[in-house]
Amino acid sequence: ETGVTQSPTHLIKTRGQQVTLRCSSQSGHNTVSWYQQALGQGPQFIFQYYREEENGRGNFPPRFSGLQFPNYSSELNVNALELDDSALYLCASRPSRGAIYEQYFGPGTRLTVT
Amino acid sequence: KQEVTQIPAALSVPEGENLVLNCSFTDSAIYNLQWFRQDPGKGLTSLLLIQSSQREQTSGRLNASLDKSSGRSTLYIAASQPGDSATYLCAVAGDTDKLIFGTGTRLQVFP
């Protein structure tokens, strides 16, 4: 059974640029969530996708957007990057929508905005 | 609004000690609580998941308890080892599917 994978591992972008982060969910999981973790803080919920549709969103501006594909992999897109977007971005998958299900996290993508 | 607090923020202990990490939350209407381990710069590894109907869960040297009515959970680590050094995060899940995290306890176990 393959766990949650994310790519790239890390990247550096310039303020104002756009970035796309990718996540492959664990086999059999149809629900993917994205979290942002700033240095020294706990992860903050960005949004969740269930069967290719956004199914819940945290307190993040519209320049944070996402997609989920038929194979349940997912992308996080961030436009007009700001310095405060520098963080570890974590993807998590679960067997289905619903808080009862345990979430499994990937290794994260470290984004640095200069 | 749900808020999660973890105490202490940091802990440094000699190898072999038994440890208690604390997590408190303000809204008792949760579905479950999860404890995670995070190594520096890495992702989250799930340690224990306690459903709201359960009182505790155990895995090896780890034991987590949940008191929903008082909004508290504890993670007990028996016979700590240097390999236990990491940040430990607790997170609660409510009716909106998302996890709400504390800021973590940074643990260092020295030989």
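In this text the structure is predicted, and so the values were computed from the model without any measurement.

### Examining the environment of Glu53(A)
Residues and elements named next belong to chain A.
So, point 1. Mapped onto the fold, Glu 53 is located in strand 6 (residues 53–57).
So, point 2. Look at Glu 53 and you get exposed, because its relative accessible area is 56%.
So, point 3. Once the C-alpha coordinates of Glu 53 and Gly 66 are considered, the two residues, 13 residues apart in sequence, prove to be 9.4 Å apart.

### Examining the interface of chain A and chain B
So, point 1. Facing the 22 residues of chain A at the interface are 21 residues of chain B.
So, point 2. The junction of chain A with chain B conceals about 1600 Å² of combined surface from both sides, 53% of it contributed by carbon and sulfur atoms.
So, point 3. Taken together, the links from chain A to chain B amount to zero salt bridges.
So, point 4. In this assembly, chain A and chain B are joined by five residue pairs in polar contact (both at pLDDT 80 or more).
So, point 5. Counting only elements with at least two residues in the side of chain A that touches chain B, the list comes to strand 4 (31–37), strand 5 (44–50) and strand 9 (87–94) of chain A.
So, point 6. Within the side of chain A that touches chain B, the residues separate by chemical class into nine nonpolar, nine polar and four charged.

### As for the state of the cysteines
So, point 1. The full count for this structure, using the stated rule, is two disulfides over all chains.
So, point 2. Two residues share a disulfide in this structure: Cys23(A) and Cys91(A), whose sulfurs sit 1.8 Å from each other. Its S-S torsion of about -60° marks the bond between Cys23(A) and Cys91(A) as left-handed, since a negative value means left-handed. Placement of the pair is Cys23(A) in strand 3 (residues 19–24) and Cys91(A) in strand 9, with a sequence separation of 68 residues.
So, point 3. For Cys91(A), a relative accessible area of 0% translates into the label buried.
So, point 4. Across the disulfide, Cys23(B) is cross-linked to Cys90(B) (sulfur-sulfur distance 2.0 Å). Between Cys23(B) and Cys90(B) the sulfur-sulfur dihedral comes to about 70°; the bridge is accordingly right-handed. One end of the pair, Cys23(B), is in strand 3 (residues 19–25); the other, Cys90(B), is in strand 9 (residues 86–93), and 67 residues separate them in sequence.

### Observations regarding the sheet that holds strand 7 (residues 62–67) of chain B
All names here are of chain B.
So, point 1. In space, the five strands of this open sheet follow the order 1-3-8-7-6, with antiparallel pairing throughout. The sheet is open, and its two borders are formed by strand 1 (4–7) and strand 6 (56–59), each paired with just one other strand. Pairs of neighbouring strands in the sheet enclose a mean axial angle of 15°, with direction left out of account.
So, point 2. As paired elements, strand 7 and strand 8 (residues 72–77) share six bridges and run antiparallel to each other.

Conventions used here
Residues numbered from 1 in each chain as written. Chains lettered and ligands numbered in written order. Predicted model: local features only at pLDDT ≥ 70, side-chain atom pairs only at ≥ 80, totals over all residues. Heavy atoms only, no water. Helix = DSSP H or I, 4+ residues; strand = E, 2+ residues; numbered from the N terminus. Buried < 20%, exposed > 50% of the residue type's maximum accessible area, 1.4 Å probe, protein only. Contact = heavy atoms within 4.5 Å. Buried area = accessible area lost by both parts, 1.4 Å probe. Salt bridge = Lys/Arg side-chain N within 4 Å of Asp/Glu carboxyl O. Polar contact = N/O pair within 3.5 Å; in protein donor to acceptor, adjacent residues only side chain to side chain. Nonpolar A, V, L, I, M, F, W, Y, C, P; charged D, E, K, R; others polar. Disulfide = S-S within 2.5 Å. Pairing = 2+ DSSP bridges. Axes fitted to C-alpha atoms, helices over the stretch in contact; angles between N-to-C directions.

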